[in-house]
Amino acid sequence: MKLQLIDGTFSPAETIEILNQLFHVKIKFNEEKIKNCINEEDIKMRERKIKFLQKNLDEVRTKIMSGSKDIHIEGVIDILI
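So, a few notes on the structure that sits alongside this text. (Residues numbered from 1 in each chain as written. Predicted model: local features only at pLDDT ≥ 70, side-chain atom pairs only at ≥ 80, totals over all residues. Heavy atoms only, no water.)

### Focus: the nonpolar core
One finds Ile-16, Leu-19, Phe-23, Ile-27, Ile-34, Cys-37, Ile-43, Ile-50, Leu-53, Leu-57 and Ile-64 forming the largest nonpolar core, which totals 11 residues. Contributions of two or more residues to this core are made by helix H1 (12-35) and helix H2 (40-65). Excluding residues that lie within four positions of it along the chain, Leu-57 makes contacts with Leu-19, Asn-20 and Phe-23. (Core = buried A, V, L, I, M, F, W, Y, C linked by side-chain atoms within 4.5 Å. Buried < 20%, exposed > 50% of the residue type's maximum accessible area, 1.4 Å probe, protein only. Helix = DSSP H or I, 4+ residues; strand = E, 2+ residues; numbered from the N terminus. Contact = heavy atoms within 4.5 Å.)

As structure tokens, this is what we get:
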């Protein structure tokens, strides 16, 4: 099943806001999992995921801010059941 989450053209500021919120949800999800986790390996894995997400967000923000034109975003979630 495919869910169309985002499909549109946005200003650089809007694009950054959308991405900030999307990444924040995933980061918060991992932070909550860490709070409830007792396995050290799982905690380290989630911490790596959070750092990876933060790095990706920083990189895309930098790239977006270097330009001034609108940006098209397509976001599809594939759910495999």
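### Thoughts on the environment of Ile-18
Here Ile-18 lies in helix H1. Under the relative-accessibility criterion, Ile-18 is labelled partly exposed at 22%. What Ile-18 contacts, discounting residues up to four positions off in sequence, is Ile-6, Phe-10 and Ile-73.

### Looking at the environment of Asn-30
For Asn-30, the location among the structural elements is in helix H1. For Asn-30, a relative accessible area of 0% gives the class buried. Distance from Asn-30 to Arg-48, taken between C-alpha atoms, is 10.0 Å for residues 18 residues apart in sequence. A polar side-chain atom of Asn-30 sits 2.8 Å from a polar atom in the side chain of Arg-46. (Polar contact = N/O pair within 3.5 Å; in protein donor to acceptor, adjacent residues only side chain to side chain.)

### Overview of a negative patch on the surface
A surface patch of like charges, here negative, comprises Glu-40, Glu-41, Asp-42 and Glu-47. Take Glu-47: it is sitting in helix H2. (Patch = residues over 30% accessible without salt bridge, like charges linked within 9 Å, V, L, I, M, F, W, Y side chains within 5 Å. Areas by Shrake-Rupley, 256 points an atom, 1.4 Å probe, with all protein chains shown as cover. Salt bridge = Lys/Arg side-chain N within 4 Å of Asp/Glu carboxyl O. Lys, Arg positive; Asp, Glu negative; His and termini not counted. Charge placed at Lys NZ, Arg CZ, Asp CG, Glu CD.)

### Here's the deal with a nonpolar patch on the surface
A grouping of Met-1, Leu-3, Leu-5, Leu-22, Ile-77, Ile-79 and Ile-81 is seen on the molecular surface, where their side chains present a nonpolar patch of about 710 Å² in accessible area. The residue Ile-81 is located in the segment after strand E2 (71-78) in this model.

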